[in-house]
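Architecture and fold: a report
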Amino acid sequence: MRTIAQWLDKVHDKDKVDQCIWDLCFSPDGTQLIVAAGVRVMVYDASDGQLIQPLKGHKDTVYCVAYSKDGKRFASGAADKCVIIWTNKLEGILKYTHNDAIQCLDYNPISHQLASCAITDFGLWSQEQKSVNKTKIASRITCCSWTNDGQYLAIGLFNGSVSIRSKNGEEKSKIDRPGGALSPIWSVAWSPAKDEPQELLAVADWGRTLSFFHLTGKQVGKDRQLNYDPCTVSWFPKGEYVVVGGSDKQLTLHTKDGVKLGQVAEMDSWVWCAKVRPDGAGATDSQKAYVAIGCQDGTIAYHQIIFSTVHGLYRDRYAYRDYMTDVIIQHLVTEQKVRIRCRDLVKKIAIYRNRLAVQLPDRIVVYELYSEDAADMHYKIKEKINKKFDCNLLVVTANNIILCLETSSVKQERKLQCLSFQGVKEREWIMESLIRYIKVIGGPAGREGILVGLKNGQVLKIFVNNPFPVPLLKQNTSVRCLDISASRTKLAVVDEHSMCQVYDIASKELIYQEPNANSVAWNLYSEQMLCFSGFGLLNIKASSFPIHQQKMQGFVVGFMGSKIFCLNVYTMTGVDVPQSAQMYQYLEKKMFKEAYAVACLGVTEGDWDALAQAALEGLEFELAKKSFFRTKNLKYLELIHNIEERKKRGEGDMQVFLADIYAYQSKFQDAAKLYKRAHQDQKAMNMFTDLRMFEYAKDYITSADPGDKKLLISKQAEWAKSSNEPKVAAEMFMSAGEYMKAIELMGESGWADMMVDLARKLDKADREALSRCAVWLQQLNQPVYAAECLAKMGDTNSLVNLHVATGQWEEAFALAKKHSEFKTQVYIPYARWLAESDKFEEAQQAFHEAGMQDEAVHVLEQLTENAVSENRFSDAGYYYWKLSIQCLELAGEKDGQEKSDELLKKFHEFQSKAELYYTYHSIQRYTDEPFTSLLPETLFNMGRYLLLNLGKSEAPAGISRVHILYALAKQGKNLGAFKFVRAAYDQLQALRIPPQFEDNVDLGSVTIRCKPYHDNEDLLPMCYRCSNNNPLMNPAGNFCSTCAQPFLHSFLSFDVLPLVEFYLGDDISDEEALRLLDQEYIKPKKSKESQWKERQTNDYQSLAMEADMMDLSGELADDAFTAKLMDYMPGLTESQPVIVDRDVLTKINRNEVIIQKWPEPLRYRYYKYIMPDISITLCESCNRMFNRDDHELHVLQHGSCPFCRFKTEE
């Protein structure tokens, strides 16, 4: 550190009496200096010390001045008890007073509120306030300072205390110094550092100590003894240093911890005030600062402080001083940094391998790395030499410290002294001239070599273990900088005339020299390369080639591979410099090995590729392979591998190899010439055809091989295809005889006409091409032309398949009729197509034509399964009905009784499932959907029908008992079937209930208990055979609990129909029964004479007068069918059929009989009206019965039967 006085002024009054400088301050931009001198406020230009204007306004001595942080105004306070506010244009705008002399002033950095302190009170003024708020203090005020955030004000008191106040004037904490009133506080200042975790207050008292405190009043560190009475404390703008001045007539520099660093200035009288110029207008940088000093004798001094750079470099490790007391070691490649806090002034730094030496004022500390790891950045103390040394240069080796000292006879640094780490002097060298440069150049531990440059131009090499220096060379000019090559064979010297000279050490000859150099460094990894800097340029020189220049500010201090280390002003940076220029210089001379060595130092990927290409053209395959490995160029690596394999097989024509290389490099004409020279015309032709350069390829067609021309045309067609010219390509393929490729191209492009023309030109023996034409024409929706191709081939099988695939059934039937062997191929796909089109009757006929009766059943079964799995239960019922009809038709066609019985069994099974799924469709929609169009009675009847028909057997797939019981429970409760609903809920509790029904079922199970335990009588079904009412729940099944007569339901409302089924006697056929029923019955004439008529039934005998024909007994006697109805045994579980003979048939009214006419092998089924007033409709398609009104309404709405979907128009 050194200081330079910029300007100096001395203030007198009109009588030439010195005026004490009590205070001074800078404007925020550092351009103006405000000085309190006598009764005047002096305004100076800070840059040159010119007095801008003296301000008069006070009547007594001005003690303090302060500038606001916004730069708009400043204030002055004097012994006349007044505070004057001045604008930055030096105009007074406001004055206010205190009760005593003003001692100090300070502006709040945030709110710009002015704190003015008199002897016994302090006030806070702001522009927004009309009055000044003043607060009394018990002790005399000496100084004050605001914190960075403007929240607190520190006030120094004469009684040795510091009072910390809020911005409202309230005391928050207090600092009491040990000396009390004997140690008055004379200066306080808060650190302006913004990166500190807590505010830091510097306190200087006349107990001759400097101390530091936090906002809480806690002391930081220990008291620093000053040995003088401090009068002023001022921080640097960033808070890294603090200056202190006082009774010792000096201004000294301290760290933020209070460590004394050195003297800034020495004056002739007490230093009463000092301020460091704030940031702005180039006032400070990291290594420069300016300070203004005010003294007792009226002297105003303005000094520049320059912080010198203390650093050391070894390869990629750079150590430098920071904040004067710290050492930072920076790894220039990884940018890692580590800080060592020495807590004392660092004077010298040296670094070498794993050693670091730091010289402090009274000692030298030697550090070493924790480990041998090259990336390790952690140092520990190895030794301490507790001696004070005054040296100019310092270097460190593995075991020694080398100092450059002055000789006793001549006051010049001519002596080098070697010390061990314990401080023992081992040897000493005295030089002939002043030592200008010293550098450790490495070597074994304890035998390192040191390069020394002298002012007289001599260059020496000294070994640590050798007392005799080794002269290397001597030149006529003074040495400024030097370096030695990695092999120790060449020496580069920069002299005082900025000339870089390179010598051969063995012969002492000058190899070359370059001007405009201020520093030089050899590349540690390349013997032939060095760099030097000067005049804003970086110069890189390889061997004897011309230098390569680029702009760069600073001094070159190291060169490793492609990284150059540059010291610019005070900052060390690593600059990545590609070695491209040097590599290309070697390539121009065909020096491939040297170029590769330079490239290894660091070049771009493009440079590696250029090196690889050049080495390949030079047939240096090994170097080319290494270079292509760097760029991961697999194409060229494969080429090199191919060439090496061919060489192993005995091929040695280098012209062919070079031609291959040129071809890969797109130098096709050169490659073709080499191929022709090596008599490899075929390779040249193949190359040009692969490149689609067909005009060039024609030049290399050999007349000996006629196939070459055809091959060329074929390749040209391939190129036209890839060039999006398919028509040209197709024509070329046809001209080359490549019909299959032409056909594929036409097909992909959709050119049917062109393909038809080609097919007509083809010979019928070319079956493969014709067959491919047929396939493409079929895909292009041209079945007629496809059939033409197949007919030309005579391929009837493919022709049939074509008609089937395109749906041309008439043509297919014609071929099947002509060629019976293809009948199955036609009718089976036709039948499947009909089945998929829901044309089941036509499909059945087609399957029959094909002889595959079982296939129709299989198709319908699959449709049925799909409908059930998709919850389309109405469709499932319909498909099961269709299945049953198919089974019935097949049963009538089967010859074997066993097969017929099996099909009839399936018929009855499918009929039952059709009814169940048909009925369950409405229940499922009711439970799953929010609304229904069905009446409650209808839903209730449907549920009962399902429940009674299912019984205890397993429900078919998709049918849920839970849904049935849930619907019955809900509708039965509404209809008053409480007993039945309770039974339904009991059954539900035993089943797994879906989550959406759980709450309703639980609630219903409870609420139904409060209902009467009986069912509404109107809901009880009546048996029309025995005229008895039946309970709603019959576990035995869907029949009468008295006579076991099955109930017959309408398949819309599911009411019980007033019908009773009767059966024919064994000897009566259906045809005879129909004839008998159609006959008109004539009642016999009755005698008018009264006579007794005896009637006998199963239970009783009666005798009545025949004349009373109107009583019931007479009616029963006349109705033979009613007598048959009443002929049953009550309590049986199996129905007792009503069997009628011919006599009864003739007496039954035909209009009161419904006949289900089932086809063979089934017989007709007969039903007798019990209540003829109720109209019933029979569907002739499905033989299901309905209430006539319901059926007619459904047919009007939907046009078909609700069960079998039979259309009315059919």
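Residues numbered from 1 in each chain as written. Predicted model: local features only at pLDDT ≥ 70, side-chain atom pairs only at ≥ 80, totals over all residues. Heavy atoms only, no water.

Examining the environment of I155
The topology assignment puts I155 in strand 15 (residues 152-157). The residues touching I155, leaving out its near neighbours within four places in the chain, are F122, I137, I141, C143, C144, S161, V162, S163 and R165. (Helix = DSSP H or I, 4+ residues; strand = E, 2+ residues; numbered from the N terminus. Contact = heavy atoms within 4.5 Å.)

So, the packing of helix 2 (residues 592-599) against helix 3 (residues 605-617)
Two numbers describe how helix 2 lies on helix 3: the axes approach to 11 Å, and their chain directions differ by 165°. Our classification of the angle between helix 2 and helix 3 gives roughly antiparallel. Relative to helix 3, helix 2 is oriented so that their crossing is left-handed. Contacts between helix 2 and helix 3 involve F592, A595, Y596 and A599 from the former and W608, L611, A614 and A615 from the latter. Of the residues in the contact of helix 2 with helix 3, the class split is 8 nonpolar, no polar and no charged. (Axes fitted to C-alpha atoms, helices over the stretch in contact; angles between N-to-C directions. Parallel < 35°, antiparallel > 145°, perpendicular 65-115°, else oblique. Left-handed = near helix turned anticlockwise from the far one by under 90°. Nonpolar A, V, L, I, M, F, W, Y, C, P; charged D, E, K, R; others polar.)

Observations concerning the packing of aromatic side chains
Following the criterion strictly, the structure yields 41 aromatic pairs and no others. Ring plane angle 50° and centroid distance 5.0 Å describe the contact between W22 and W272, whose orientation is recorded as tilted. Linking W22 in strand 2 (residues 21-26) with W272 in strand 26 (residues 271-276), this pair joins segments that are 250 residues apart in sequence. Judged by its relative accessible area of 29%, W22 is partly exposed. Taken together, the ring pairs in this structure connect W22, Y63, F158, W186, W206, W270 and W272 into an aromatic cluster. In this structure, R277 packs its charged tip against the face of Y290, placed 5.6 Å from the ring centre. Against the face of F1051 rests R1184, its NZ or CZ located 5.7 Å from the ring centre. (Phe/Tyr/Trp six-rings, centres within 6.5 Å; stacked < 30°, edge-to-face > 60°. Buried < 20%, exposed > 50% of the residue type's maximum accessible area, 1.4 Å probe, protein only. Lys NZ or Arg CZ within 6 Å of the ring centre and 35° of its normal.)

A look at the sheet that holds strand 59 (residues 1138-1140)
Strand pairing in a sheet is mediated by backbone hydrogen bonds. Such pairs are either parallel or antiparallel. Strand order across the open sheet formed by 4 strands is 59-56-61-60, with mixed pairing between neighbours. Strands with a single pairing partner mark the edges of an open sheet, and in this sheet they are strand 59 and strand 60 (1153-1156). Averaged over all pairs of adjacent strands, the angle between strand axes in this sheet comes to 40°, irrespective of strand direction. Judged from the 4 bridges that link them, strand 60 and strand 61 (residues 1165-1169) form a sheet pairing that is antiparallel. Following the sheet pairing, I1154 is matched in strand 61 by Y1167. (Pairing = 2+ DSSP bridges.)

Some thoughts on the pattern of salt bridges
Tallied over the full model, the rule gives 40 salt bridges. R165 serves as the salt-bridge partner of E171, at 3.9 Å between the closest nitrogen and oxygen. The class of R165 is buried, set by a relative accessible area of 12%. The partner of K1147 in a salt bridge is D1143, with the nearest N and O atoms 3.1 Å apart. In this pair, K1147 and D1143 are both assigned in helix 30 (residues 1142-1147), 4 residues apart and thus about one turn of the helix distant. (Salt bridge = Lys/Arg side-chain N within 4 Å of Asp/Glu carboxyl O.)

As for the nonpolar core
Counting residues in each nonpolar core, the largest one holds 66 residues, and the members touching the most others are I923, I959, I964 and F1203. The set of elements that each furnish at least two residues to this core consists of helix 20 (853-869), helix 21 (873-893), helix 22 (897-928), helix 23 (936-950), helix 24 (961-975), helix 25 (978-989) and helix 26 (995-1007). With sequence-adjacent residues up to four places away left out, F1203 is seen in contact with Y878, W881, A914, E915, Y918, F1051, C1182, R1184 and F1186. (Core = buried A, V, L, I, M, F, W, Y, C linked by side-chain atoms within 4.5 Å.)

Brief notes about the confidence of the model for the chain
Note that predicted coordinates carrying low pLDDT should not be read in detail. The predicted model of the chain has a mean per-residue pLDDT of 84, with 89% of residues at 70 or higher. Low confidence marks residues 1086-1091, where pLDDT is under 50. Its contacts with residues over four positions away, or in another chain, come to 7 contacts. (pLDDT = per-residue confidence, 0-100.)

Let's talk about unusual backbone geometry
Both trends apply: most residues other than glycine have a negative phi, and most peptide bonds are in trans. Following E1160, the chain continues into P1161 via a peptide bond in cis, with omega recorded as 10°. Mapped onto the elements, P1161 comes out in the loop between strand 60 and strand 61. Phi angles above zero are rare outside glycine, and H112 is one such case at about 60°. In this fold, H112 is placed in the loop between strand 10 (102-107) and strand 11 (114-118). Here H112 falls in the partly exposed class, since its relative accessible area comes to 23%. Look at N516: it is not a glycine, yet its phi comes out positive at around 60°. In this fold, N516 is placed in the loop between strand 48 (509-514) and strand 49 (519-522).

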